[in-house]
Amino acid sequence: MIRSLAGLALLAAAPAWAATPQQLANSKSCMACHGMTQKIVGPGFKQVAERYRGDPAAAAKLAAKIRSGGSGAWGSLSMPPAAVSDAEAKQLATWILQQK
Ligand code: HEC
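Here the residue index of a chain counts from 1 through its sequence in written order. Per-residue local features are limited, in this predicted model, to residues with pLDDT of at least 70; the limit for side-chain atom pairs, both in listing and counting, is 80 or more; totals at the level of whole chains, interfaces and linings are taken over all residues. Side-chain figures throughout are based on the complete set of non-hydrogen atoms in the structure, without hydrogens or water.

(A) Examining unusual backbone geometry more closely. You will see that Ser29, though not glycine, has its phi angle at about 65°, which is positive. Put simply, DSSP H or I for four residues or longer makes a helix, DSSP E for two residues or longer makes a strand, and each gets a number counted from the N terminus. Within the fold, Ser29 resides in the loop between α2 (21–27) and α3 (30–33).

(B) The arrangement of the layout of surface pockets in detail. With a 1 Å grid spanning the protein atoms alone, the term cavity applies to any set of points in which a 1.4 Å probe fits but cannot get out, the term pocket to an open set with protein on both sides within 12 Å along at least five of seven lines, and the term lining residue to any residue with an atom within 4 Å of a point. Grid points are joined across faces, edges and corners, and a volume is the space filled by probe spheres set on the points. In this structure, the largest pocket spans a volume of roughly 710 Å³. Forming the boundary of the largest pocket are 34 residues, of which His34, Gly42, Pro43, Lys65 and Met79 lie nearest the centre. Secondary structure elements with two or more residues in the lining of the largest pocket: α3, α4 (45–52), α5 (58–68), β1 (70–71), β2 (78–79) and α6 (86–97). A class-by-class count of the residues in the lining of the largest pocket yields 20 nonpolar, 10 polar and 4 charged. Ten residue types, Ala, Val, Leu, Ile, Met, Phe, Trp, Tyr, Cys and Pro, are classed as nonpolar, four, Asp, Glu, Lys and Arg, as charged, and the remainder, Gly among them, as polar.

(C) Layout of α5. Relative accessible area decides the class of each residue, using a 1.4 Å probe on protein chains only: under 20% of the type maximum gives buried, over 50% gives exposed, and in between gives partly exposed. Three or more residues of α5 are buried, namely Ala58, Leu62, Ala63 and Ile66. One face of α5 carries all of its buried residues, which in axial projection span an arc of 125°. Summarising the geometry of α5, the exposed residues directed more than 90 degrees from the buried face are Ala60 and Ser68. In this analysis, two residues are considered to be in contact whenever any of their non-hydrogen atoms come within 4.5 Å of each other. Buried residues in α5 make contact with α4, β2 and α6. Count one or two residues on from α5 and you reach Gly69, which has phi positive near 75°. To be clear, the arc concerns the directions from the helix axis to the C-beta atoms.

(D) Representation of the site of the ligand within the structure. We define proximity as follows: a residue is near a molecule or strand when any one of its heavy atoms falls within 4 Å of that partner. Taken together, the neighbourhood of the ligand is formed by 26 residues, with Cys30, Cys33, His34, Tyr52 and Met79 sitting nearest. In this structure, Tyr52 approaches the ligand through a side-chain N or O atom, which is 2.4 Å from an oxygen atom. Under this definition, polar contacts are N or O atom pairs within 3.5 Å; protein pairs additionally need one hydrogen-donor-capable and one acceptor-capable atom, and for neighbouring residues in sequence, both atoms have to be side-chain atoms. A distance of 3.4 Å separates an oxygen atom of the ligand from a polar backbone atom of Gly75. Whether a molecule sits in a cavity or pocket is decided by its atoms, more than half of which must lie within 2 Å of the grid points. Cavity membership is defined here by more than half of the atoms lying within 2 Å of grid points; on that basis the ligand lies in the largest pocket. The element contributing the most residues to the shell around the ligand is α5, with 3 residues. Here the shell around the ligand is built from residues that sort into 16 nonpolar, 8 polar and 2 charged.

(E) Structural view of the pattern of salt bridges. We count a salt bridge whenever a side-chain nitrogen from Lys or Arg sits within 4 Å of a carboxyl oxygen from Asp or Glu. Tallied over the entire structure, the rule returns 4 salt bridges. A salt bridge links Asp86 to Arg67, with the shortest nitrogen-to-oxygen separation between them at 3.9 Å. Taken as a pair, Asp86 in helix α6 and Arg67 in helix α5 lie far apart in primary sequence, 19 residues in all. Asp86 sits in the partly exposed class, given a relative accessible area of 38%. Salt bridges sharing common partners tie together Arg67, Asp86 and Lys90.

Note that every value here comes from positions in space, so none of it alone points to a role or purpose.
Listed below in C-alpha cells is the structure:
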C-alpha cells in the first residue's frame, strides 16, 4: 500500500509540460513511425529537418501537420492526427527541425 502510493507520487511528479521534446515524442508514439535518422513509416526526423532547412514557415507548417495529420509530402502513406496540444505540436516541430 505504502509502496504503491509512493509509485503514484513519482508519476505525478513528472508533469507532461516538464517533458523534453524527446520524451514527448516517445510518449506520443511518434517514434513508432519515425526514426531520428531513418525512415520507418514516416520520414526520419533528420530528413525532415534537411528538407525544410532555411524555410522560415516550416515550424508552423509542421506543427499544424502534427496536429491534424496528412499525406502527400513524403509519399502516399498518411500520418494520423496526434493527440497533442498546440504548444506540444510547436515544441515537437521546433525540435524536429533542429535535428542534423
Ligand atoms: C502511424 C504512423 C505515424 C505516427 C504515429 C506519426 N507519424 Fe509523423 N508521419 C507519418 C507519415 C506516413 C508521414 C509522411 C506524410 C506525408 O507524406 O505527407 C509523416 C510525416 C511527418 C512529418 C513531416 C510532415 C511534412 O509535411 O513534411 C513530421 C514533422 C512528423 N510526421 C512528425 C510526427 C510527430 C511529432 C509525431 C508524434 C506526435 C508523429 N509524426 C507521429 C507517420 C506517422
